[in-house]
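So you can see what is in the structure, the chains are spelled out below.
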Amino acid sequence: QVQLVESGGGLVQAGGSLRLSCVGSGRTFGGNAMGWFRQAPGSERDVVATITRYGAIFYNTDSAKGRFTISRDDVKSTLYLQMNNLEPEDTALYYCAASIRGIATRAYEFDYWGQGTQVTVSS
């Protein structure tokens, strides 16, 4: 059974940084697209960034705005999201996701989801 476990969330002041991690188990993810999504209260789940099996990256510019960096370590089956210059608007539950496809950028293309890690940014 595939499992994704996120970590690294927390409470941070505006302008601060966090690094989210997502460790996968149950299969290797080197051949799969992976991504980060987030959902704020009362809002739909939205893509933050995705990365294909080839390393090509897609950012949702509305949320990432050049402040976030997605990366992956397939040897460790781990996905990362470095978030800098955080804003209160970034407060949300952040989810890691993996796709059986090598290329995926939309939520419906992802098959496995973690439970999420909470990020709260205070002003």
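Coordinates for the structure precede this section.
Residues numbered from 1 in each chain as written. Predicted model: local features only at pLDDT ≥ 70, side-chain atom pairs only at ≥ 80, totals over all residues. Heavy atoms only, no water.

1. Digging into the state of the cysteines
- One pass over the structure, following the stated rule, counts one disulfide.
- Across the disulfide from C22 sits C96; the S-S distance is 2.0 Å. Across the S-S bond of C22 and C96 the torsion is about -70°, and the bridge reads as left-handed. Here C22 is found in strand β3 (residues 18-25), whereas its partner C96 is found in strand β9 (residues 92-98), with 74 residues between them in sequence.
- Residue C22 is classed as buried on the basis of its relative accessible area of 0%. (Disulfide = S-S within 2.5 Å. Helix = DSSP H or I, 4+ residues; strand = E, 2+ residues; numbered from the N terminus. Buried < 20%, exposed > 50% of the residue type's maximum accessible area, 1.4 Å probe, protein only.)

2. Thoughts on the nonpolar core
- One finds M34, W36, F68, L79, L81, M83 and Y94 to be the most contacted residues of the largest nonpolar core, which totals 25 residues.
- Among the secondary structure elements, those contributing two or more residues to this core are β3, β4 (34-39), β5 (46-51), β7 (68-73), β8 (78-83), β9 and β11 (117-122).
- Broken down by element, the residue count for this core peaks at four residues, all from β9.
- In this structure, M34 is in contact with L4, F29, T50, I51, I70, R72, L79, C96, A97, A98 and F110, ignoring residues within four places of it in sequence.
- Ranked by size, the runner-up nonpolar core spans six residues in total, among them A33, V47, A104 and F110. (Core = buried A, V, L, I, M, F, W, Y, C linked by side-chain atoms within 4.5 Å. Contact = heavy atoms within 4.5 Å.)

3. A short note on the side chain of T50
- Considering the arrangement of structural elements, one finds T50 in strand β5.
- Assessed through its relative accessible area of 1%, T50 is described here as buried.

4. Comments concerning the pairing of β5
- Within β5, five of the six residues are buried, leaving the element largely enclosed by the surrounding structure.
- Two strands pair when backbone bridges link them, and β4 and β5 are joined in this way by five bridges, in the antiparallel orientation. Across the sheet, G35 pairs through a bridge with T50, a residue of β5.
- Hairpin geometry of β4 and β5 is characterised by an intervening segment of six residues between the two adjacent antiparallel strands and by a positive phi of about 80° at G42.
- For β5 and strand β6 (residues 57-59), the ladder comprises three bridges, and the chain directions are antiparallel. Note that in β6 the partner of T50 across the bridge is F58. (Pairing = 2+ DSSP bridges.)

5. Topic: the environment of G16
- By secondary structure assignment, the location of G16 is in the loop between β2 (10-13) and β3.
- According to the relative accessible area criterion, G16 is buried, its value standing at 17%.
- Counting along the chain gives 72 residues from G16 to P88, while the straight-line C-alpha distance between them is 11 Å.

6. Concerning the pattern of salt bridges
- For the structure shown, the criterion picks out five salt bridges.
- Residue R72 pairs with D74 through a salt bridge whose shortest N-O separation is 2.8 Å.
- D111 is paired through a salt bridge with R101; the nearest N and O atoms lie 3.7 Å apart. Within this pair, whereas D111 is found in the loop between β9 and β10 (112-113), its partner R101 is found in the loop between β9 and β10, the two being separated by 10 residues in sequence.
- On the basis of relative accessible area, R101 is assigned to the partly exposed category, the value being 35%.
- In the salt-bridge network here, residues are joined through shared partners; they are R38, R67, E87 and D90. (Salt bridge = Lys/Arg side-chain N within 4 Å of Asp/Glu carboxyl O.)

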